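Reading the structure
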Amino acid sequence: MLKILKIAIFISLLCLLAPVTNVYAAAIFERLPTEIHANEKYVFYSHGLIVEGSNPTPINPRWGLYDFPEVKAALASEQYNLIAYHRAKNTKPREFARKLAADVNLLIKQGVKPGDISLVGFSRGGEITILASSYIQSNDINIILLATCNTFMKGHAEFIVIGNFHSIYETSDGNGSCQFLMAQSNKVNTMEEIAISTGEEHGAFYRPMTEWVVPLKAWLEN
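Right, let's walk through the structure included here. (Residues numbered from 1 in each chain as written. Predicted model: local features only at pLDDT ≥ 70, side-chain atom pairs only at ≥ 80, totals over all residues. Heavy atoms only, no water.)

Let us look at the environment of Arg62. Looking at the secondary structure, you find Arg62 in the loop between strand E3 (59-60) and strand E4 (64-65). For Arg62, a relative accessible area of 59% puts it in the exposed group. When the C-alpha positions of Arg62 and Glu200 are compared, they lie 9.8 Å apart, and in sequence the two are 138 residues distant. Within the structure, Arg62 has its side chain in polar contact with the side chain of Glu201 (distance 2.6 Å). (Helix = DSSP H or I, 4+ residues; strand = E, 2+ residues; numbered from the N terminus. Buried < 20%, exposed > 50% of the residue type's maximum accessible area, 1.4 Å probe, protein only. Polar contact = N/O pair within 3.5 Å; in protein donor to acceptor, adjacent residues only side chain to side chain.)

Following this line, the structure appears as structure tokens:
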């Protein structure tokens with residue numbers, strides 16, 4: 001009975017989040033689109049460290065399969081363009097963050113409103129997202145971190161968030177609340193954080209689990 005109830009709640013949430021009209025077809029890009037539309041939304045998803053390289057579905061001995069293709073498919077929406085790079089092995093976070101910042105600045109130059117641009121990052125991808133935020137220096141960009149905030153970031157001046165700040169973390173994971181990051185960032189417009197408790201530790205974000213996908217898409221589609 002409990003399982004049926006959970007399924008019913010999930011379906012109801014999806015119905016609430018579904019767009020009333022189709023603005024444009026859901027699209028997933030592996031690089032910045034060559035054709036930019038100023039009236040559309042753009043979302044950058046940056047994956048975790050384990051996916052760096054040539055394998056989009058690597059397996060961690062503790063947390064299992066990281067299903068990058070399924071995560072992208074779950075995050076795709078008719079309400080925005082999803083851009084999800086598959087980073088090369090041994091990518092240097094600061095260099096890639098500068099690439100993200102350059103992509104965002106190009107979108108803005110092409111007329112896209114900063115408030116219509118979101119950067120989503122999980123774990124190492126979240127670290128890159130934080131750095132990109134500090135390079136972009138826009139108060140209206142949406143920054144969403146998934147299981148990112150690690151204690152090594154505390155007190156480091158380069159780890160600050162600028163813009164509209166959102167966070168989702170798993171209570172059984174070593175990377176916890178981002179409140180300390182909020183405290184050391186003085187250019188945050190708004191901050192909203194959600195804690196989920198799946199018991200899957202860091203692996204909760206390896207696959208598109210309802211607990212984090214539904215609130216994330218609610219933020220992105222708003």
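What follows deals with the state of the cysteines. Put plainly, a disulfide is one covalent bond tying together the sulfur atoms of two cysteines. Scanning the model with the defined rule gives one disulfide in all. Each sulfur in the disulfide pair Cys149 and Cys178 lies 2.0 Å from the other. The chirality of the disulfide connecting Cys149 with Cys178 is right-handed, given an S-S dihedral of about 100°. Of this pair, Cys149 sits in the loop between strand E7 (142-146) and strand E8 (162-170) while Cys178 sits in the loop between E8 and helix H5 (179-183), placing them 29 residues apart in sequence. Side by side, Cys149 and Cys178 carry an identical accessibility label, which is buried. (Disulfide = S-S within 2.5 Å.)

The values reported here are purely geometric and, on their own, carry no functional implication.
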